[in-house]
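# A look at the structure
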Amino acid sequence: MSDKKGFTTTILHSDRLLKPEFGALHQPVHNAVTWGYDDVQGLVNVFQNKTKGYAYSRQGNPTTTALEHKVTQMEQGLASVSFSTGMAAISSTILALMKAGDHIIASSYLFGNTRSIMQTYMDLGLDISFVDATDVQNIKNAYQENTKMVFVETIANPATQVADLSAIGDFCEEKKIIYVVDNTMTSPYLFRPVAVKASLVINSLTKYIGGHGNALGGSVTDTGLFNWLNFPNIAPIIREQIRPEMQGLTQIRKRGLRDGGGTLAPEAAHSISVGSETIALRLERACSNAAKLAEFLDNHPLISKVYYPGLKSHPQHELAAGLFHRYGGLMSFALVDGIDCFKFLNELKLVIKSSNLGDTRTLAIPVAHTIFFELGKERRDEMGIPDSMVRLSVGIEDFDDLLEDFSAAFAAVSN
Ligand SMILES: *Cc1c(COP(=O)(O)O)cnc(C)c1O
């Protein structure tokens, strides 16, 4: 099928066009751990990267390959590697490409566990600077001779800061450094990082791509824009054997996936793949619910602040408008002083108190007490996270039901 088909059409027909057995429309779940060869040369050729095939499922199987192909199409990239979780994708990408003494510039508004793994890598000898990525100038100021990578997210969680994505892409291109964009919060339906010259795109497949809160997964996609011949950390064997554009991702597959071992299970890959077919429909609905809810909350007397890039008052509203198809399904809010945020959350009956995001259901969580608890108050203050902040991942419920749930909770706490 031509590349000109629309986003959803491409996803729907992706598996079928890889020609699974008996004309199956979905790539089946391949539970095999290993594959047998009649002629030993066939096995040897797979090991030596001379032919495509499978040897041992930790490095991939037909079900994960089909999902990787789908993610690559969604991101309009060159190729992808899947992982057991988004965190496995992130930790493996850095582990596979960086060496002690290398410098990374990362956004200071990172997903909590990403911030935490960065600390672990600093303890192992990486030099990492955290800067406010909403302005490219801060990235430029942090640049050093040994800078090898810039790592940012599209819309930060929970305070929804938007990175200066396009300008950072220009800067990384000029300096010939790897530009990693975690696209989880926007997903390839709202934004494609290849458009801002990203080198590698991370997705937590657990979130909007899988979309139903029933499978964990992660991926890294090479956009094909980075010239790996300029990158000194490619292993000699990969330099010799692999065509230049695939050298970075091959190193991620070998050192990150094969050696790191964070392999996506075939059942999970299948669930994510089926879930991904409706991403456009789900996100349109979630974004529309979120936009209406953000307006409602923003005008409510018991709310002191709403963090949502779709609001005109958001500091990066214009930036977001220029980058994203819509403003996403995630927002945060803070209640006015004197209203107990736990009591308010407990009054919500439809909205679920839960830590996931990108689910079909609306989920709420008090941020400072949970996902950002371990960071401590000082770092939370640096990251702009007040104690009363509640993060909301807006689902695809009928909007009037969400409105009724919030209205009832407000009424209950104002008594
Ligand atoms: C959830 C999330 C991750 C981690 O993904 P998991 O699949 O939960 O490991 C990474 N980055 C962002 C922005 C996320 O929201």
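These numbers were taken from a predicted model, which means no experiment stands behind them. (Residues numbered from 1 in each chain as written. Predicted model: local features only at pLDDT ≥ 70, side-chain atom pairs only at ≥ 80, totals over all residues. Heavy atoms only, no water.)

## A closer look at the sheet that holds strand 7 (residues 218-222)
For clarity, the threshold we go by: Here, any two strands with at least 2 DSSP bridges between them count as paired. Secondary structure follows DSSP: runs of H or I at least 4 residues long count as helices, runs of E at least 2 residues long count as strands, and numbering of each begins at the N terminus. Note on geometry: axes are lines fitted to C-alpha atoms, helical ones only across the stretch in contact, with angles between N-to-C directions running from 0 to 180 degrees. The criterion used for residue contact is that any of the two residues' heavy atoms lie within 4.5 Å.
Judged by pairing direction, the sheet is mixed, and its seven strands sit side by side in the order 1-7-6-5-4-2-3 without closing on themselves. Two strands close off the open sheet at either side, each with one partner strand: strand 1 (79-83) and strand 3 (127-131). Mean inter-strand twist for the sheet, computed between neighbouring axes without regard to direction, equals 20°. Bridge count between strand 6 (residues 200-204) and strand 7: five bridges; the pairing is antiparallel. Residue pairing for strand 7: N203 is matched across the bridge by S219. Against the sheet, helix 10 (residues 247-258) contacts strand 1, strand 6 and strand 7, and its axis sits at roughly 15° relative to strand 1.

## Some remarks on the site of the ligand
Test applied: Here a residue counts as near a molecule or strand whenever at least one of its heavy atoms sits within 4 Å of it. Definition of a polar contact: a pair of N or O atoms within 3.5 Å, with one able to donate and the other able to accept a hydrogen when the atoms are protein atoms, and with sequence-neighbouring residues admitted only if both atoms are side-chain atoms. For the accessible areas, the method is Shrake-Rupley and the probe is 1.4 Å, while residue cover comes only from the protein chains on display. Charged means Asp, Glu, Lys or Arg here, nonpolar means Ala, Val, Leu, Ile, Met, Phe, Trp, Tyr, Cys or Pro, and polar covers whatever is left, Gly included.
Near the ligand, the surroundings consist of 13 residues, among which G86, D182, S204, T206 and K207 are the closest. The contact in question runs from an oxygen atom of the ligand to an N or O atom on the backbone of G86, over 2.8 Å. Between the ligand and S204 there is a distance of 2.8 Å, counted from an oxygen atom to a side-chain nitrogen or oxygen. The fraction of the free accessible surface of the ligand (380 Å²) that becomes covered by protein chains is 92%. The element that contributes the greatest number of residues to the shell around the ligand is helix 4 (residues 86-97), accounting for three residues. Tallied by class, the residues present in the shell around the ligand amount to four nonpolar, six polar and three charged.

## Observations regarding the side chain of K207
As a reminder of what qualifies: Whether a residue is buried, partly exposed or exposed follows from its accessible area with a 1.4 Å probe, protein chains only, as a fraction of its type maximum: under 20%, in between, or over 50%, in that order. Counted as positive: Lys and Arg. Counted as negative: Asp and Glu, with His and the chain ends omitted from the count. Criterion for a salt bridge: a side-chain nitrogen of Lys or Arg within 4 Å of a carboxyl oxygen of Asp or Glu.
Mapping K207 onto the fold places it in the loop between strand 6 and strand 7. Summary of buried charges: K207 has no salt-bridge partner, and the nearest side chain of opposite charge, D182, is 7.5 Å away.

## Considerations on the environment of F406
By secondary structure assignment, the location of F406 is in helix 16 (residues 399-414). Residue class for F406 comes out buried when judged on its relative accessible area of 0%. Residues F406 and Q41, spaced 365 residues apart in sequence, show a C-alpha to C-alpha distance of 65 Å. With near-sequence residues (within four places) excluded, F406 lies in contact with L293, F296, L297, F333, F344, L348, V351 and L392.

Shape descriptors only; they carry no functional weight alone.
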